[in-house]
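# A closer look at the structure
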Amino acid sequence: MSDSEEDSQDKQLKIVVIGDGASGKTSLATRFAQEAFGKQYKQTIGLDFFLKRIALPGNLNVTLQVWDIGGQTIGGKMLDKYIYGAQGVLLVYDITNYQSFENLEDWYSMVKKANEESDVQPVVLLVGNKIDLEHMRTVKADKHQRFSQENNLISQFVSAKSGDSVFLAFQRVAAEILGVKLNKAEIEQSQHVVKADIVNYSQEPVARTVNPQRSSMCLVQ
Ligand SMILES: Nc1nc2c(ncn2[C@@H]2O[C@H](COP(=O)(O)OP(=O)(O)OP(=O)(O)O)[C@@H](O)[C@H]2O)c(=O)[nH]1
């Protein structure tokens, strides 16, 4: 295989998104992969998948497999298996919900437990979501910084609603995994607030269920 053929084959990275129910994990994945946001809350039962191809500096194309894991899986038997083998983890809380921040200890323990036997540990990004609701913030920024420093995590504040820094969050994780350095211009470009239409979900009160045939596997470029 020639160098150029080899270069044209994308690397795939498994990125899991975990954190309390309603902290905004599905909204972040949807914003990232589909550039859309839905106001209505639909609990994720089990997990959902998204795929998105991004370009990193140096003409490096990489496909992110985003595993959006339902908040209710915390006590369940499957969580270990979902997290296992992830190269990147987004540890998400809602800045207006203190409990969602406190529960990060448990979520982070699950990440460590799922990977205790592997040599390579995933890159973990601490994500404070809903910064469009700054006026309702209950988790002070210094608490966020302390948690990230104590656990040696990279960190990012985002808003799935406005799109603020969502692409940057995923891009930073991918860059960190692959040892690619993002320069200031690339970071500023990825911070942009995305303006997009609100998605109108159907009104059925039925929660999504895990069903591999119906799983929302989508590729957006
Ligand atoms: N204002 C605001 N609302 C948000 C934001 N992100 C998510 N939401 C809202 O928060 C609610 C929960 O969002 P989801 O993305 O479904 O939360 P989740 O973490 O996937 O929840 P589970 O499926 O239960 O694990 C929804 O009503 C979203 O519209 C945000 O950045 N800002």
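All values derive from a computational prediction rather than experimental measurement. (Residues numbered from 1 in each chain as written. Predicted model: local features only at pLDDT ≥ 70, side-chain atom pairs only at ≥ 80, totals over all residues. Heavy atoms only, no water.)

Time to look at the pairing of strand S1 (residues 11–19). The buried fraction of S1 is high, at 7 of 9 residues. Alignment of S1 against strand S3 (residues 60–69), held across 7 bridges, turns out to be parallel. Counterpart to Lys14 in the pairing with S3 is Gln65. With 5 bridges joining them, S1 and strand S4 (residues 88–94) adopt parallel strand pairing. Bridging from a neighbouring strand, Ile18 pairs with Leu91 of S4. (Buried < 20%, exposed > 50% of the residue type's maximum accessible area, 1.4 Å probe, protein only. Helix = DSSP H or I, 4+ residues; strand = E, 2+ residues; numbered from the N terminus. Pairing = 2+ DSSP bridges.)

A few words on a negative patch on the surface. A cluster of acidic residues, Glu102, Glu105, Asp106 and Glu150, forms a negative patch on the protein surface. Positionally, Glu150 belongs in helix H6 (residues 141–150). (Patch = residues over 30% accessible without salt bridge, like charges linked within 9 Å, V, L, I, M, F, W, Y side chains within 5 Å. Areas by Shrake-Rupley, 256 points an atom, 1.4 Å probe, with all protein chains shown as cover. Salt bridge = Lys/Arg side-chain N within 4 Å of Asp/Glu carboxyl O. Lys, Arg positive; Asp, Glu negative; His and termini not counted. Charge placed at Lys NZ, Arg CZ, Asp CG, Glu CD.)

Tallying each qualifying case throughout the model produces 7 aromatic pairs. Residues Phe32 and Phe167 carry aromatic rings whose centres are separated by 5.8 Å and whose planes lie at 35° to one another, so their mutual orientation is tilted. With a gap of 135 residues between them, Phe32 in helix H2 (residues 25–34) and Phe167 in helix H7 (residues 166–178) connect regions that are remote in the sequence. Overall, the relative accessible area of 2% leaves Phe32 in the buried class. Pairing Phe32 with Phe170 gives two aromatic rings, centres 4.0 Å apart and planes at 10°, and the pair type is stacked. (Phe/Tyr/Trp six-rings, centres within 6.5 Å; stacked < 30°, edge-to-face > 60°.)

The next subject is the pattern of salt bridges. A full pass over the atoms with the stated rule returns 3 salt bridges. A salt bridge links Lys130 to Asp94; the nearest nitrogen and oxygen atoms lie 3.2 Å apart. Of the two residues, Lys130 is situated in the loop between strand S5 (123–129) and H6 and Asp94 in strand S4; the sequence distance between them amounts to 36 residues.

This brings us to the environment of Lys140. Within the secondary structure, Lys140 is located in the loop between S5 and H6. Using a relative accessible area of 59% as the deciding quantity, one classes Lys140 as exposed. For the pair formed by Lys140 and Ile95, sequence separation is 45 residues and the distance between their alpha carbons is 8.0 Å.

For the rest of this paragraph, the subject is the nonpolar core. Formed by 30 residues in total, the largest nonpolar core has its most connected members in Leu64, Val66, Leu90 and Phe170. Counting residues per element, the ones that place at least two in this core are S1, H2, strand S2 (47–56), S3, S4, S5 and H7. Per-element accounting of this core gives the leading share, 6 residues, to H7. Excluding residues within four positions of it along the chain, Phe170 makes contact with Ile15, Val17, Leu28, Ala29, Phe32, Leu64, Val66 and Leu90. Counting 27 residues, the second-largest nonpolar core is a separate cluster that includes Trp67, Trp107, Val124 and Ile131. (Core = buried A, V, L, I, M, F, W, Y, C linked by side-chain atoms within 4.5 Å. Contact = heavy atoms within 4.5 Å.)

Our next topic: the site of the ligand. Around the ligand sit 24 residues in total, of which Lys25, Ser27, Tyr41, Thr44 and Gly71 are the nearest. Between Ala22 and the ligand, the recorded distance is 2.8 Å, taken from a backbone N or O atom to an oxygen atom. A distance of 3.1 Å is found between an oxygen atom of the ligand and a side-chain nitrogen or oxygen belonging to Lys130. For the ligand, the protein covers 92% of the area, taking 650 Å² as the surface of the free molecule. In terms of residues, the shell around the ligand owes the most to one element, H2, which gives 3 residues. In terms of residue class, the shell around the ligand is built from 5 nonpolar, 13 polar and 6 charged. (Near = heavy atom within 4 Å. Polar contact = N/O pair within 3.5 Å; in protein donor to acceptor, adjacent residues only side chain to side chain. Nonpolar A, V, L, I, M, F, W, Y, C, P; charged D, E, K, R; others polar.)

Attention shifts here to the side chain of Thr26. Mapped onto the secondary structure, Thr26 falls in helix H2. Within polar-contact distance, the side chain of Thr26 engages the side chain of Asp68 at 2.7 Å.

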